[in-house]
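Spelled out from the first residue to the last, the chains are:
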Amino acid sequence: MRIVSNDAAKLLIGTRNESKKKEIGELLSEIPIQLVTLVDIGIDDEVEEDGQTFEENAILKAEGYGRLSGLLTLADDSGIEVDALGGRPGVFSARYAGLNATDEERNKMLMSELVNVPDNERTARFRCVVALWSPKTGVSSTYEGRVEGFIARRPQGNNGFGYDPIFFSEEIGKTLAQIPATMKHRISHRGKAMKKAKVKLVDSLKD
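(A) Local environment of the overall build of the protein. Assigned secondary structure in the protein consists of 5 helices and 7 strands. When the helices and strands of the protein are read in sequence order from the N terminus, they spell out β-α-β-α-β-α-β-β-β-β-α-α. The C-alpha radius of gyration computed for the protein amounts to 17 Å, which stays within 12% of the reference 17 Å derived for 207 residues, consistent with globular compactness. Taking the principal axes of its C-alpha atoms as reference, the protein extends roughly 55 × 30 × 25 Å. Expressed as a percentage of its 207 residues, the buried residues of the protein come to 49%. A separation threshold of at least 6 residues defines the contact pool for the protein, and within that pool the share at least 24 residues apart is 61%. In the form shown here, the protein has an accessible surface area of approximately 10,200 Å², with 51% of it arising from carbon and sulfur atoms.

As structure tokens, then:
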């Protein structure tokens, strides 16, 4: 379905994930813009994420959903890279345990693959690439953030989503699910990428 809109006060977030919308909303709270998701504006098309990198997938989503909506569009691709697994699950993080798997199922699968891996070899990182597509130029700009850590032996904490309960940040000495959202936004991969993207977003609103 193609939905055309010229409403410059809206920013389309290329996702149906309400948790991601909430987190991005908190990161952009000081910018006077209305955030909408694919669900909010009735886009039921799926942009195929067949890129080989986070950057390629972020651009595919930003440009694909941007052209469908006609709106300034922000999309991200993010995931967790585990050194002991050769960088897996990487770009397949969301589909790691199957398309309809829950966060808990994905976490259990990852921990099961690492059950015999010693603590000093459980190093990992979260990476996020944000793409911002402009309907005025038809071009996407990209911004990357990352956070280093390791995979915990068991889930810890009730905040966040995704792999947060099993990702232990070296910087703060806790999992990302054990810290409040304000702290997570400061040190997380998405928070760092969005901080860079905000500069371009503000400029886009001035045009």
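Now that the structure is up, let's keep going.
(B) Layout of the layout of surface pockets. One number sums up the size of the largest pocket: a volume of about 940 Å³. Lining the largest pocket are 34 residues, with Asn17, Lys20, Glu49, Lys61 and Ala94 sitting closest to its centre. By residue number, the principal contributor to the lining of the largest pocket is strand β3 (residues 72-82), which donates 5 residues. For the lining of the largest pocket, the per-class residue count stands at 11 nonpolar, 9 polar and 14 charged.

(C) Structural view of helix α5 (residues 189-206). Compared with an ideal rise of 1.5 Å per residue, which puts 18 residues at 26 Å, α5 spans 27 Å between its outermost C-alpha atoms and is within 8% of the ideal. Considering bend angle alone, the principal kink of α5 is centred on Ala197 and spans about 30°. Residues of α5 that are buried make contact with β1 (10-13), α1 (18-27), β3, β4 (123-133), β5 (140-151) and α4 (181-187).

(D) Summary view of a negative patch on the surface. Judged by side-chain charge, Glu48, Asp50, Glu55 and Glu56 come together as a negatively charged surface patch. Following the sequence through the fold, Glu48 ends up in the loop between β2 (34-37) and α2 (54-69). Residue Glu48 is classed as exposed on the basis of its relative accessible area of 59%.

(E) Spotlight on helix α3 (residues 103-113). Within α3, burial applies to Arg106, Asn107, Leu110 and Met111. Down the axis of α3, the buried set is contained in an arc of 130°. They therefore lie on one face. Away from its buried face by more than 90 degrees, α3 exposes Glu104 and Lys108. On its buried face, α3 sits against β3 and β5.

(F) Expanded view of the pattern of salt bridges. Evaluated as defined, the whole model comprises 23 salt bridges. The closest approach of N and O atoms between Glu23 and Lys184, which form a salt bridge, is 2.9 Å. Of this pair, Glu23 sits in helix α1 while Lys184 is found in helix α4, placing the two residues 161 residues apart along the sequence. Overall, the relative accessible area of 6% leaves Glu23 in the buried class. Residue Lys184 is classed as buried on the basis of its relative accessible area of 5%. Arg106 serves as the salt-bridge partner of Asp103, at 2.6 Å between the closest nitrogen and oxygen. Taken together, the residues Asp103 and Arg106, both in helix α3 and 3 residues apart, mark about one turn of the helix.

(G) Representation of the packing of aromatic side chains in the model. Here the structure, examined in full by the defined rule, presents 2 aromatic pairs. Between Phe126 and Phe167 the ring centres are 4.7 Å apart and the planes differ by 50°, which places this aromatic pair in the tilted class. Taken together, the residues Phe126 in strand β4 and Phe167 in strand β6 (residues 167-169) connect sequence positions 41 residues apart.

Analysis parameters
- Residues numbered from 1 in each chain as written.
- Predicted model: local features only at pLDDT ≥ 70, side-chain atom pairs only at ≥ 80, totals over all residues.
- Heavy atoms only, no water.
- Helix = DSSP H or I, 4+ residues; strand = E, 2+ residues; numbered from the N terminus.
- Rg over C-alpha atoms; globule rule 2.2 N^0.38 Å.
- Buried < 20%, exposed > 50% of the residue type's maximum accessible area, 1.4 Å probe, protein only.
- Contact = heavy atoms within 4.5 Å.
- Areas by Shrake-Rupley, 256 points an atom, 1.4 Å probe, with all protein chains shown as cover.
- 1 Å grid on protein atoms, 1.4 Å probe; cavity = no way out; pocket = protein on both sides within 12 Å on 5 of 7 lines; lining within 4 Å.
- Points joined across faces, edges and corners; volume = space filled by probe spheres on them.
- Nonpolar A, V, L, I, M, F, W, Y, C, P; charged D, E, K, R; others polar.
- Expected span 1.5 Å × (residues − 1).
- Bend = angle between axes of the 7 residues up to and from the residue.
- Patch = residues over 30% accessible without salt bridge, like charges linked within 9 Å, V, L, I, M, F, W, Y side chains within 5 Å.
- Salt bridge = Lys/Arg side-chain N within 4 Å of Asp/Glu carboxyl O.
- Lys, Arg positive; Asp, Glu negative; His and termini not counted.
- Charge placed at Lys NZ, Arg CZ, Asp CG, Glu CD.
- Arc of directions from axis to C-beta.
- Phe/Tyr/Trp six-rings, centres within 6.5 Å; stacked < 30°, edge-to-face > 60°.

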